[in-house]
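Coordinates in review
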Amino acid sequence: MEMSLADCWGSSPASPIGFEGYEKRLEITFSDAPVFVDPSGRGLRALSREQIDSFLDLARCTIVSQLSNRQFDSYVLSESSLFVYSHKVVLKTCGTTKLLLSIPRVLELAAELSLPVLSVKYSRGTFIFPSAQPSPHRSFSEEVSVLNGFFGGLKSGGNAYVTGDSFRPRKMWHVYYATEEPEQPMVTLEMCMTGLDTKKAAVFFKNSADGGCSSAKEMTKASGISGIIPEMEICDFDFDPCGYSMNGICGPAASTIHVTPEEDFSVAVTIFGGRGFAQTWATGAEVGSYMCDDLVEQVLPGGGLLVYQSFTAVTPGAVSPRSTLDVWNNEGMETTAKGEEMCIDWEVEKKVVKKDVVV
């Protein structure tokens, strides 16, 4: 009898401690199919809802809302988000989902469309409740082993990194990357925050006496999320009794926010195309009411660069920062954000470390 990965690794246990908010993120990019196979160039966007559900079921998540434009389709999930482009799929899941179990089905569907793998990126922070994670996410070594099984044969080979300050093990960033050839220019920003101010987080509780909202639309507006990138069209969803998810789309650019109201905060920026293309994304973020504990730069194969920072709140009741980094306009080009200045109340010398540590 042939046993599937899902059968082999068993069911997903629930954490008796709390909800795991740190997300696992998988991005698989494919090369073009022959023109005679896909003359319209729809690629992965030709997948049916049933086919998409078939790999989400393996990851243990479901679609709760959808929003599309001419460039891609976005799906808010029961555990985070899915973005499907013609030649790329980006899947983010939280909790005790089994994200990597979706890989064989995604590759099978891509093969049916004659789409060869071009590159893969996998990233996550340090789990808050690592002992609650099921296989194949019980350790980064286990995750890397699975990823190498599928992508280790790409020209770059499988490359795995753990970046951050070794004296702060709960603030480490885990990255796996493999590619067949250098990537097209692209910037990805990932930000994780814990210990949210309770009064400000109350907006994500439905009908809370402390100022909660009755709907996702109200949460989006009351929290200020709608003003972060005003050009984005937003698809949002609220959970009972608390919790919030949103996907934002604008041309080829996507944003997503997930809140699980349960004093640290970290930012990871992945860049392809060189520092000149990246502009201010390639520099350390300056965030009001937060002190940068650590800044690490990690060179990736194919001309990539990972910039990882961790922060600690330095004033009580610190609010979520607004970015002064570059943002995307609806053509997918970068423009400088306007009217989003931050107040820096201290002078701090960032520790910059360049590492080439491979695990």
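Everything here concerns the structure above.
Overview of the structure. Quick caveat: nothing in here was measured; it's all calculated off a predicted structure.

Note that Tyr-176 resides in strand E8 (residues 173-179). Residue Tyr-176 is classed as buried on the basis of its relative accessible area, which comes to 0%. A sequence separation of 33 residues divides Tyr-176 from Glu-143, and the C-alpha atoms of the two residues are 9.0 Å apart. Setting aside its immediate chain neighbours within four residues, Tyr-176 contacts Val-120, Lys-121, Tyr-122, Phe-140, Val-144, Leu-147, Asn-148, Phe-151, Gly-152, Gly-158, Asn-159 and Ala-160. Within the structure, the side chain of Tyr-176 is placed 2.7 Å from the side chain of Asn-148, a separation counted as a polar contact.

What follows deals with helix H2 (residues 49-59). Buried within H2 we find Ile-52, Phe-55, Leu-56 and Ala-59. Down the axis of H2, the smallest arc covering the buried residues is 105°, so these residues share one side. Here the buried face of H2 lies against strand E2 (63-68), strand E3 (72-77), strand E4 (80-85), strand E5 (88-93) and helix H3 (103-112). The positive-phi residue at the C-terminal boundary of H2 is Arg-60, with phi of around 70°.

Strand order in the open sheet formed by three strands is E10-E11-E12, with antiparallel pairing between adjacent strands. Of all strands in the sheet, those bounded by a partner on one side alone are strand E10 (233-238) and strand E12 (253-259). Each neighbouring strand pair of the sheet contributes to a mean axis angle of 10°, computed without reference to strand direction. Sheet analysis places strand E11 (residues 244-250) next to E12, joined by seven bridges and oriented antiparallel. Bridge pairing in E12 places Ser-245 opposite His-258.

Next up on the list: empty space enclosed by the protein. Of the voids in this model, the largest cavity is the one considered here, and its volume is about 90 Å³. If you trace the largest cavity, you find 14 residues lining it, with Lys-121, Ser-123, Val-175, Glu-190 and Thr-270 closest to the centre. Among the secondary structure elements, those contributing two or more residues to the lining of the largest cavity are strand E6 (117-125), E8, strand E9 (186-193) and strand E13 (264-272). A total of four residues in the lining of the largest cavity trace back to one element, the largest contributor, which is E8. A breakdown of the residues in the lining of the largest cavity according to their chemical character gives eight nonpolar, three polar and three charged.

Quick look at the pattern of salt bridges now. The full count for this structure, using the stated rule, is 13 salt bridges. Measuring nitrogen to oxygen at the nearest pair gives 2.9 Å for the salt bridge that ties Glu-27 to Lys-121. Taken together, the residues span a long stretch of sequence, with Glu-27 in strand E1 (residues 24-30) and Lys-121 in strand E6 at a distance of 94 residues. A single salt-bridge network, built from bridges that share partners, covers Arg-25, Glu-27, Lys-88, Lys-121 and Glu-183.

Quick look at the sheet that holds E5 now. Taking strand neighbours across the sheet as the criterion, the eight strands line up as E2-E3-E4-E5-E1-E6-E8-E7 in an open arrangement whose pairing is antiparallel. A single partner strand is all that each edge strand has here, and the edge strands are E2 and strand E7 (159-163). Pairwise comparison of adjacent strand axes, ignoring direction, gives a mean angle of 10° for this sheet. Of the pairings in the sheet, the one linking E1 to E6 comprises six bridges and is antiparallel in character. By the bridge assignment, Ile-28 is partnered in E6 with Val-120. Sitting on the sheet, H2 is in contact with E2, E3, E4 and E5, with an inclination near 130° to E2.

A word on the nonpolar core. Where a protein is soluble and globular, its nonpolar side chains tend to be buried together. Counting 36 residues, the largest nonpolar core has Leu-56, Leu-82, Val-89, Phe-151 and Tyr-176 as the members making the most contacts within it. Top element by residues in this core is helix H4 (residues 140-151). It accounts for five residues. Here Phe-151 is in contact with Ile-28, Ile-103, Leu-107, Val-117, Val-120, Tyr-176 and Ala-178, once residues within four sequence places are set aside. Formed by 12 residues, the second largest nonpolar core is a distinct cluster that contains Tyr-161, Tyr-177, Cys-192 and Leu-300.

Scoring rules and cut-offs
- Residues numbered from 1 in each chain as written.
- Predicted model: local features only at pLDDT ≥ 70, side-chain atom pairs only at ≥ 80, totals over all residues.
- Heavy atoms only, no water.
- Helix = DSSP H or I, 4+ residues; strand = E, 2+ residues; numbered from the N terminus.
- Buried < 20%, exposed > 50% of the residue type's maximum accessible area, 1.4 Å probe, protein only.
- Contact = heavy atoms within 4.5 Å.
- Polar contact = N/O pair within 3.5 Å; in protein donor to acceptor, adjacent residues only side chain to side chain.
- Arc of directions from axis to C-beta.
- Pairing = 2+ DSSP bridges.
- Axes fitted to C-alpha atoms, helices over the stretch in contact; angles between N-to-C directions.
- 1 Å grid on protein atoms, 1.4 Å probe; cavity = no way out; pocket = protein on both sides within 12 Å on 5 of 7 lines; lining within 4 Å.
- Points joined across faces, edges and corners; volume = space filled by probe spheres on them.
- Nonpolar A, V, L, I, M, F, W, Y, C, P; charged D, E, K, R; others polar.
- Salt bridge = Lys/Arg side-chain N within 4 Å of Asp/Glu carboxyl O.
- Core = buried A, V, L, I, M, F, W, Y, C linked by side-chain atoms within 4.5 Å.

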